[in-house]
Amino acid sequence: MREFKILDELYYTKEHIWVKIENDVATIGITDYAQSQLGDVVFIELPEVGREVESGEVIATVESIKAVSEIYSPLTGKMISINEDLANEPSLLNSDPYGDGWICDIQIKDLTEIEDLMTADDYRAYLEAITEEEE
């Protein structure tokens with residue numbers, strides 16, 4: 001099995017979204033596993049700044065050479081910034097998913113929702129289980 005990069009300081013979802021929490025702001029992006037499954041990303045439809053989002057709601061759409069995938073918000077809150085660089089360089093999602101390939105920042109409405117996210121260890125175990133099924 002290929003080793004996928006998973007950062008210990010982040011939270012994760014079963015939809016392969018990573019979440020970095022700083023105070024009441026969540027920075028969101030796709031995981032290394034997600035970008036590898038997508039293949040070369042050619043376009044991303046970014047969310048609107050100021051938009052209120054619910055946990056589980058579609059906030060962005062990513063188009064790759066393989067498929068079109070929806071990105072779901074891991075938390076409820078308000079969109080406070082987006083990564084404008086992705087509009088011109090969507091391949092950042094592939095080349096640097098945990099850095100320059102971040103998607104957006106959400107001001108978290110309910111901090112208790114963080115408890116529903118997976119830790120890095122939980123996500124490693126989840127990935128191991130699903131990748132074993134694929135082999």
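These numbers were taken from a predicted model, which means no experiment stands behind them.

Draft legend 1. Main features of the nonpolar core. In terms of nonpolar packing, the biggest core is built from 20 residues, with Ile-30, Ile-71, Leu-93 and Ile-103 touching the most fellow members. Of all elements in the fold, only strand 3 (25-30), helix 1 (32-38), strand 4 (41-45), strand 6 (58-64), strand 8 (77-82), helix 3 (92-95) and strand 9 (104-108) reach the threshold of two or more residues within this core. Each residue touching Ile-71, except ones within four places of it in the same chain, is listed here: Ile-17, Ile-30, Glu-57, Val-58, Ile-59, Ala-60, Val-62 and Ile-103. Core analysis: the next-biggest nonpolar cluster, separate from the first, contains 12 residues, Phe-4, Ile-6, Tyr-33 and Ile-130 among them.

Draft legend 2. Region of interest: the packing of aromatic side chains. If you walk through the whole model with that rule in mind, you get four aromatic pairs. When the centroid spacing of 5.1 Å and the interplanar angle of 85 degrees are considered together, the rings of Phe-4 and Tyr-33 count as edge-to-face. You can see Phe-4 sitting in the segment before strand 1 (11-12) and its partner Tyr-33 sitting in helix 1, a full 29 residues away along the chain. Pair check on accessibility: Phe-4 and Tyr-33 agree, each one buried. Measuring from ring centre to ring centre gives 4.6 Å for Tyr-12 and Tyr-123, while their planes differ by 5 degrees; the resulting arrangement is stacked.

Draft legend 3. Structural view of a nonpolar patch on the surface. Together, Val-42, Phe-43 and Ile-65 give the surface a local cluster of nonpolar side chains, amounting to about 290 Å² of exposed area. Mapping Phe-43 onto the fold places it in strand 4. For Phe-43, a relative accessible area of 39% corresponds to the partly exposed category.

Draft legend 4. Region of the structure containing helix 4 (residues 120-134). A rise of 1.5 Å per residue sets the reference length of helix 4, with its 15 residues, at 21 Å; its end C-alpha atoms lie 21 Å apart and thus fit the reference within 8%. Residues Ala-120, Tyr-123, Leu-127, Ile-130 and Thr-131 constitute the buried set of helix 4. Buried residues of helix 4, viewed axially, fall in a sector of 100 degrees; they line one side. Facing away from the buried surface of helix 4 by more than 90 degrees, the exposed residues are Asp-121, Glu-132 and Glu-133.

Draft legend 5. Spatial organisation of unusual backbone geometry. Positive phi is not limited to glycine here, since His-16 has a value of about 65 degrees. In this structure, Asn-23 is a non-glycine residue whose phi angle is positive, near 60 degrees. Its place among the elements puts Asn-23 in the loop between strand 2 (17-22) and strand 3. Given a relative accessible area of 72%, Asn-23 falls into the exposed group.

Rules behind the numbers
Residues numbered from 1 in each chain as written. Predicted model: local features only at pLDDT ≥ 70, side-chain atom pairs only at ≥ 80, totals over all residues. Heavy atoms only, no water. Core = buried A, V, L, I, M, F, W, Y, C linked by side-chain atoms within 4.5 Å. Buried < 20%, exposed > 50% of the residue type's maximum accessible area, 1.4 Å probe, protein only. Helix = DSSP H or I, 4+ residues; strand = E, 2+ residues; numbered from the N terminus. Contact = heavy atoms within 4.5 Å. Phe/Tyr/Trp six-rings, centres within 6.5 Å; stacked < 30°, edge-to-face > 60°. Patch = residues over 30% accessible without salt bridge, like charges linked within 9 Å, V, L, I, M, F, W, Y side chains within 5 Å. Areas by Shrake-Rupley, 256 points an atom, 1.4 Å probe, with all protein chains shown as cover. Salt bridge = Lys/Arg side-chain N within 4 Å of Asp/Glu carboxyl O. Expected span 1.5 Å × (residues − 1). Arc of directions from axis to C-beta.

Keep in mind these values describe shape, not function.
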